[in-house]
Amino acid sequence: MSLRVVEVPEIPVVDRVTLPAKETAVIVVDMQNDFVKPGGRLVVPTALKTVEPIRRLLDKARSKGVRIFYTQDTHYEGDPEFNIWGEHVRYGTWGWQIVDELKPVDGVDIVVMKTRYDGFYGTPLEDLLKVYSIKNVVVTGTVANICVLHTAASAALRWYKVYVPMDSISALNDFDYHAALRQVSFLYKGVIVRSSEGIEFS
Ligand code: ZN
């Protein structure tokens with residue numbers, strides 16, 4: 001395989017943004033053991049170091065009453081996606097569970113099980129965002145160019161304003177990581193924030 005070096009186009013990054021708590025949701029995409037933890041079936045090596053920035057963001061969001069959504073990739077025996085990725089996040093397994101550090105709060109946070117890359121596809125996510133009058137979504141999690149990007153894109157296509165903290169998403173390689181940021185910024189007019197610490201809620 002020949003390695004081709006490409007330049008990443010300039011991606012605008014902001015250091016700080018303040019979002020209205022009542023109109024903003026944080027979406028944590030697929031931070032499940034199979035993708036994040038050693039021993040998982042489809043580990044994204046850099047996902048582990050996003051746990052802490054995401055956890056801090058969730059703490060801040062909770063303290064301001066910001067609604068938190070999780071997507072949980074979910075497959076059953078014979079799922080066609082296993083032909084692409086091998087078996088992963090099979091319903092009920094350890095690998096399917098959201099990592100302990102980011103555990104949803106029962107009865108408060110909303111967990112949306114999804115079967116494909118897009119958190120909106122075949123799920124109640126759109127309806128729930130509407131019910132709670134959400135206008136902005138902060139998208140975090142993994143995998144940057146797969147489920148994070150598809151979910152961010154799907155939100156943007158519905159005219160939600162998308163914010164992505166750079167330290168809170170992870171990909172299998174640098175190319176995929178930067179490609180995801182580029183798409184969010186350039187194509188979907190999302191805002192790339194340098195770190196989750198730069199996101200405040202008012
Ligand atoms: Zn999957």
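Here the structure is shown first, and the text comes after it.
Residues numbered from 1 in each chain as written. Predicted model: local features only at pLDDT ≥ 70, side-chain atom pairs only at ≥ 80, totals over all residues. Heavy atoms only, no water.

Describing the overall build of the protein chain
Here is step 1: Each helix and strand in the protein chain was counted, giving six helices and 10 strands.
Here is step 2: Once the C-alpha set of the protein chain is aligned to its principal axes, its extents read approximately 45 × 45 × 30 Å.
Here is step 3: Here the protein chain, with 202 residues, has 50% of them falling under the buried criterion.
Here is step 4: Contacts in the protein chain between residues at least 24 apart in sequence constitute 77% of all its contacts with a sequence separation of at least 6.
Here is step 5: In the structure as shown, the protein chain presents an accessible area of about 10,200 Å², 55% of it carried by carbon and sulfur atoms.
Here is step 6: Computed over 23 positive and 25 negative side-chain charges, the inter-centroid distance for the protein chain is 5 Å. (Helix = DSSP H or I, 4+ residues; strand = E, 2+ residues; numbered from the N terminus. Buried < 20%, exposed > 50% of the residue type's maximum accessible area, 1.4 Å probe, protein only. Contact = heavy atoms within 4.5 Å. Areas by Shrake-Rupley, 256 points an atom, 1.4 Å probe, with all protein chains shown as cover. Lys, Arg positive; Asp, Glu negative; His and termini not counted. Charge placed at Lys NZ, Arg CZ, Asp CG, Glu CD.)

As for the packing of aromatic side chains
Given two aromatic rings, one states the distance between the centres and the angle between the planes to describe the pair.
Here is step 1: Inspection of every chain in the model, using the stated rule, returns two aromatic pairs.
Here is step 2: Residues Tyr91 and Trp96 carry aromatic rings whose centres are separated by 4.8 Å and whose planes lie at 55 degrees to one another, so their mutual orientation is tilted.
Here is step 3: Positioned over the ring face of Tyr132 is Arg67, at 3.5 Å from the centre of the ring.
Here is step 4: Stacked on the ring of Phe186, the Lys or Arg Arg182 has its end atom at 3.9 Å from the ring centre. (Phe/Tyr/Trp six-rings, centres within 6.5 Å; stacked < 30°, edge-to-face > 60°. Lys NZ or Arg CZ within 6 Å of the ring centre and 35° of its normal.)

Here's the deal with helix H2 (residues 51-63)
Here is step 1: The terminal C-alpha atoms of H2 lie 18 Å apart, and with 13 residues this matches the ideal 18 Å at 1.5 Å per residue to within 8%.
Here is step 2: Listed as buried for H2 are Val51, Pro53, Ile54, Leu57, Leu58 and Ala61. End-on view of H2: buried residues confined to an arc of 165 degrees, all on one side of the axis.
Here is step 3: Considering only its buried residues, H2 is in contact with strand S3 (24-29), helix H1 (33-36), strand S4 (67-73), strand S6 (136-142), strand S7 (161-165) and strand S10 (199-201).
Here is step 4: At the exit of H2 stands Gly65, carrying a positive phi of roughly 75 degrees. (Expected span 1.5 Å × (residues − 1). Arc of directions from axis to C-beta.)

Digging into the packing of helix H5 (residues 144-157) against helix H6 (residues 174-187)
Here is step 1: Between H5 and H6, the least distance of the axes is 9 Å, while the angle of their chain directions is 10 degrees. Classified by the angle their axes make, H5 and H6 are roughly parallel. Contacts from Ala144, Asn145, Leu149 and Ala152 in H5 reach Asp176, Tyr177, Ala180, Gln183 and Val184 in H6.
Here is step 2: In terms of residue class, the contact of H5 with H6 is built from six nonpolar, two polar and one charged. (Axes fitted to C-alpha atoms, helices over the stretch in contact; angles between N-to-C directions. Parallel < 35°, antiparallel > 145°, perpendicular 65-115°, else oblique. Nonpolar A, V, L, I, M, F, W, Y, C, P; charged D, E, K, R; others polar.)

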